[in-house]
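Coordinate inspection notes
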Amino acid sequence: MTLSTQNKIILGSLLILFSIALFFSFASFYFSWESDQSLLTEFSDRNEQAQNLLNKFGASVSHFFMYRGFGLASFVFPVLLCLTGLYLFLGLERKGLIGKWIWGLVFLIWTSIALGFFAIEKPLLGGLIGYEMNDFLQDYTGKIGVLLLLLFGLTVILVRLFRFSPQAIAQYFQNKASSVKKEFHTQAAESSLSVEIETETKQEIPDPYTHKENIPVLEPETPIGNDSKITESDTNPDIKIEVEAVQEEKEETDILADKLVEDFGEFDPTLELGNYKFPHLQLLDTHGAAGGITINQEELEDNKNRIVNTLRNYKIGISQIKATIGPTVTLYEIVPEAGVRISKIKNLEDDIALSLAALGIRIIAPIPGKGTIGIEVPNKNATIVSMRSVIASTKFQNAEMELPIAFGKTISNETFVVDLAKMPHMLMAGATGQGKSVGLNAVLTSLLYKKHPAEVKFILVDPKKVELTLYNKIERHFLAKLPDVPDAIITDNQQVINTLNSLCIEMDNRYELLKGAMVRNIKEYNTKFKARKLNPNDGHQFLPYIVLVIDEFADLIMSAGKEIETPIARLAQLARAIGIHLVIATQRPSVNVITGLIKANFPARIAFRVTSKIDSRTILDTQGAEQLIGRGDMLFTQGNDITRLQCAFVDTPEVAKITEYIGSQRAYPEAHLLPEYVGDDSGTSIDYAIEDRDALFRDAAEVIVTAQQGSASLIQRKLKLGYNRAGRIIDQLEAAGIVGPFEGSKARQVLVPDIYALEQLLNNETQQT
């Protein structure tokens, strides 16, 4: 063996092993890059350990190729290096090796640009080079031009590298079609043969349930052996016939359902709006966050050093510290030296905040499930989390949930998705301008992007009259309301009371349907209905989920009190199983608004920034919300751990575009109607005796006739009366023929044109008595 051959074997083995090392470092990069970011500048520190499979070497190399280089396309390098190593190790001719490198690099560049183009929300997939090259090409040719260039490049690669030709593809599909056709005919022949055999078998062995004349009936005179047992159904023919009739009825029902499904398929609730198109991502803006999180190594190092020095000043040693970078906040996880008390670090919260010169410092001691202490430090340059990025995420798109909601991103930059159907109700609170309305829009936007109008309905309560008005455009698609109410967005307090009581009626009606269907929850009921096992003639129907959204709960509680709280509590306690879910927001998280009865039935809670620890405890039962930094920074709990999130931002123009897109499509004839509920101010057509009339009856009549507006609220304001007394006077005015009957949210019609006619009417009544 010559020296040259030996060198080739040694070099070949080196390249093969190096390519394997690159492969494992690249593969582990996507699982460990976040935790290894802070170690890139500390390569020489032997005490620091990386999470990459090849430790700090793997973290640095993979960061260079995957992040700063070509992203996923970088896996071409270990393949080419391994191939070269095999050529050298086995002593093969290197005639075609250069061509493989050329085409490998072409494929590398094309893949990087393609990933940068199609996965713009995830720049790590295409790497910095793919992202920048895609951005550069779009500046000169636009998106369409880049797409055409990518298609041309793909054609070149397929033709030259994989020997692609249109004729070969056509031949492949022809062969496939003939193979499927042949298999189909074979299966059909076998199926026909099995049916004939089964028919002959049934003729030979009669079914006892369909050939009752063959079953011997036990007569009372028949001798019974010692081991024989006689049942009540054997001696009582009426019971026997009744049992058989029930069994036959159940069997016939199931057979009919199976036949209907076989002929028409399962019932499809979306069929009426079968051409409905879900909103597309282009309706949402990126808000300048397409490039993901920007990592500031200098800021990371500076904060780490300040934390370590501050703790060192108080004789607290740190054995390890690492950083996890989020869109708004960076989590520094520290492992104190043995013997250090956790409470000692917790008490230094203000000192650490002073040394970092930052607001919103929060210490988690310890982090649940980890043996570390967390220090959350706001980033100097926060990254906006766009609604587009969370809606486009794989986690949301593939979520197998009944009512999925994408709230935003966690500190580790993961999309946070929860199921409203499992919460089952949610309480949202925070000071003015901290992100509550954006949070509500995130809830509604998530459901609009995921659910068909037949599957979910919204009841929107907006006492401020300006926050939810944009959703009027989708009234006949997604909104529910009371009959004869002109506006689906509820702004009047009395209409809120009527709607909540109507929802209680709807809840009771749905439970009756579940009872008749012998199921436990709405999911089982709808599954059974779609399988055509429930008869619509018996009142059964497909039940959509109903989501009640109240934007400012404090205003309702202060004005209506128990009339609001009682139906809310009843719905919260009972409505989960039948698909009614509540989302309540308030800017005043005080105990007289968020009462114990409300809190007990709302396990899922969201806290935006509040002004005091007391408000934080009212919402979350713990402090922490007062240390948030605002602008969508929030804490979420579902009864156990608390998670810090950056709420996804969806602006008013984006909501307008979404509702306009949905509203422009074919809709139902009207909004989803709730059961009618007659409130206290409704007419009763009771014939009140004149001597039983209220002392202020005449004054109230003059107020109504003068204003030509028949409403209890007008009498309240003018005569300074309570609502119940004003309602009774309205009933008396109706009985006297002065106002018309109740007409929903509209004011009653005034039947007397002027004061003179009123005087005549009342005088005539007096004379008749």
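What counts and what doesn't
Residues numbered from 1 in each chain as written. Predicted model: local features only at pLDDT ≥ 70, side-chain atom pairs only at ≥ 80, totals over all residues. Heavy atoms only, no water. Helix = DSSP H or I, 4+ residues; strand = E, 2+ residues; numbered from the N terminus. Buried < 20%, exposed > 50% of the residue type's maximum accessible area, 1.4 Å probe, protein only. Contact = heavy atoms within 4.5 Å. Areas by Shrake-Rupley, 256 points an atom, 1.4 Å probe, with all protein chains shown as cover. Pairing = 2+ DSSP bridges. Axes fitted to C-alpha atoms, helices over the stretch in contact; angles between N-to-C directions. Salt bridge = Lys/Arg side-chain N within 4 Å of Asp/Glu carboxyl O. pLDDT = per-residue confidence, 0-100. Phe/Tyr/Trp six-rings, centres within 6.5 Å; stacked < 30°, edge-to-face > 60°. Lys NZ or Arg CZ within 6 Å of the ring centre and 35° of its normal. Core = buried A, V, L, I, M, F, W, Y, C linked by side-chain atoms within 4.5 Å. Expected span 1.5 Å × (residues − 1). Left-handed = near helix turned anticlockwise from the far one by under 90°. Patch = residues over 30% accessible without salt bridge, like charges linked within 9 Å, V, L, I, M, F, W, Y side chains within 5 Å. Parallel < 35°, antiparallel > 145°, perpendicular 65-115°, else oblique. Nonpolar A, V, L, I, M, F, W, Y, C, P; charged D, E, K, R; others polar.

Within the protein one finds 26 helices and 15 strands. Counting across all 769 residues of the protein, residues that qualify as buried make up 44%. Taking the intrachain contacts of the protein between residues at least 6 apart in sequence as the baseline, contacts between residues at least 24 apart amount to 67%. Accessible surface, the protein: about 41,100 Å² in total, of which carbon and sulfur atoms supply 55%.

The next point concerns the environment of Val461. Summarising the element assignment, Val461 is placed in strand 8 (residues 456-461). Ignoring anything within four residues of it in the chain, the contact list for Val461 reads Leu468, Ile490, Val496, Leu548, Val549, Ile550, Asp551 and Leu556.

Before going further, it helps to spend a moment on the sheet that holds strand 2 (residues 329-336). The sheet built from four strands is open, its strands ordered 1-2-4-3 with antiparallel pairing. Only two strands of the sheet have a single partner each, and these edge strands are strand 1 (318-325) and strand 3 (362-364). Across the sheet, the axes of successive neighbouring strands diverge by a mean angle of 20°, strand direction being ignored. For strand 1 and strand 2, the ladder comprises seven bridges, and the chain directions are antiparallel.

Here we come to the pattern of salt bridges. The full count for this structure, using the stated rule, is 21 salt bridges. With a shortest N-O distance of 3.4 Å, Glu333 and Lys370 are connected by a salt bridge. Of the two residues, Glu333 is situated in strand 2 and Lys370 in the loop between strand 3 and strand 4 (373-378); the sequence distance between them amounts to 37 residues.

Looking now at the sheet that holds strand 12 (residues 604-607). One open sheet holds the nine strands; their spatial order is 6-5-14-13-12-7-11-10-8, and the pairing between them is mixed. The outermost strands of the open sheet, each flanked by one partner alone, are strand 6 (415-419) and strand 8. Looking at each pair of strands side by side, their axes are set apart by 30° on average, direction ignored. Strand direction decides the pairing type here: strand 12 and strand 13 (residues 633-637), joined by three bridges, are antiparallel. In the strand pairing of strand 13, Arg605 is matched with Thr637. Sheet strands in contact with helix 18 (residues 553-560) are strand 8, strand 10 (545-550) and strand 11 (580-586), and its direction is about 90° off that of strand 11.

Further remarks concern the confidence of the model for the protein. On average, residues of the protein score 81 in pLDDT, and 84% of them reach the 70 mark or higher. The low-confidence segment residues 681-685 (pLDDT under 50) makes 15 contacts with residues lying over four places distant or belonging to another chain.

The description of two aromatic rings rests on the distance between their centres and on the angle between their planes. Applying the stated criterion across every chain, the model contains 14 aromatic pairs. On the numbers, 5.3 Å between centres and 85° between planes, the contact of Phe64 with Phe65 is edge-to-face. Taken together through their ring pairs, the aromatic side chains of Phe23, Phe24, Phe26, Phe64, Phe65, Phe70, Phe75 and Phe77 make up a single cluster. The ring of Phe396 is capped by Lys450, whose NZ or CZ atom sits 5.3 Å from the centre of that ring.

Turning our attention to the nonpolar core. Phe407, Phe458, Ile564 and Ile568 are the most contacted members of the largest nonpolar core, which has 111 residues in total. Here this core gets nine residues from one element, more than from any other, and that element is helix 16 (residues 493-517). When residues no more than four places from it in sequence are discounted, the contact partners of Phe407 are Phe416, Val418, Met423, Met426, Val443, Ile606, Met634, Phe636, Leu645, Gln646, Cys647 and Ala648.

If you check helix 9 (residues 297-313), its first and last C-alpha atoms are 24 Å apart, about what 17 residues at 1.5 Å a residue would give, namely 24 Å. Within helix 9 the residues assigned to the buried category are Glu299, Leu300, Glu301, Asn303, Lys304, Ile307, Val308, Thr310 and Leu311. Elements that come into contact with the buried residues of helix 9 comprise strand 1, strand 2, helix 10 (342-346), helix 11 (349-356) and strand 4.

Two quantities define a packed helix pair, namely the angle between the helix axes and the distance between the axes. At their nearest, the axes of helix 14 (residues 436-450) and helix 22 (residues 652-663) sit 12 Å apart, and the two run at 30° to each other. Crossing of helix 14 against helix 22: the hand is left-handed. Contacts from Asn441, Thr445, Leu448 and Tyr449 of helix 14 reach helix 22 at Val655, Ile658 and Ile662.

Among the six residues that make up strand 10, six are buried, leaving the element largely enclosed by the rest of the structure. The two faces of strand 10 match: Tyr545, Val547 and Val549 on one face and Ile546, Leu548 and Ile550 on the other face are all buried. Pairing of strand 8 with strand 10 involves six bridges; the strand directions are parallel. Bridge pairing in strand 10 places Leu460 opposite Val549. Where strand 10 lies against strand 11, five bridges are found, and the strand directions are parallel. Within the sheet, the bridge partner assigned to Ile550 lies in strand 11 and is Ile584.

The subject of this paragraph is a nonpolar patch on the surface. Side chains of Phe118, Ile144, Leu147, Leu148, Leu151 and Leu154 sit close together on the surface and give an oily, nonpolar patch of about 600 Å² of accessible area. In terms of residue count, the dominant contributor to the nonpolar patch is helix 5 (residues 123-162) (five residues). Along the polypeptide, Phe118 turns up in helix 4 (residues 97-118). Exposure remark for Phe118: the relative accessible area of 60% places this residue in the exposed category.

Moving on, we get to the packing of helix 24 (residues 712-719) against helix 25 (residues 723-735). At a closest axis distance of 8 Å, the pairing of helix 24 and helix 25 adopts a crossing angle of 120°. The orientation of helix 24 with respect to helix 25, classified from their angle, is oblique. Taken as a pair, helix 24 and helix 25 cross one another with a handedness that is right-handed. In this structure, helix 24 uses Ala712, Ile715 and Gln716 to contact helix 25, whose residues at the interface are Tyr723, Ala726, Gly727, Ile729, Ile730 and Leu733. Of the residues assigned to the contact of helix 24 with helix 25, the class counts are seven nonpolar, two polar and no charged.

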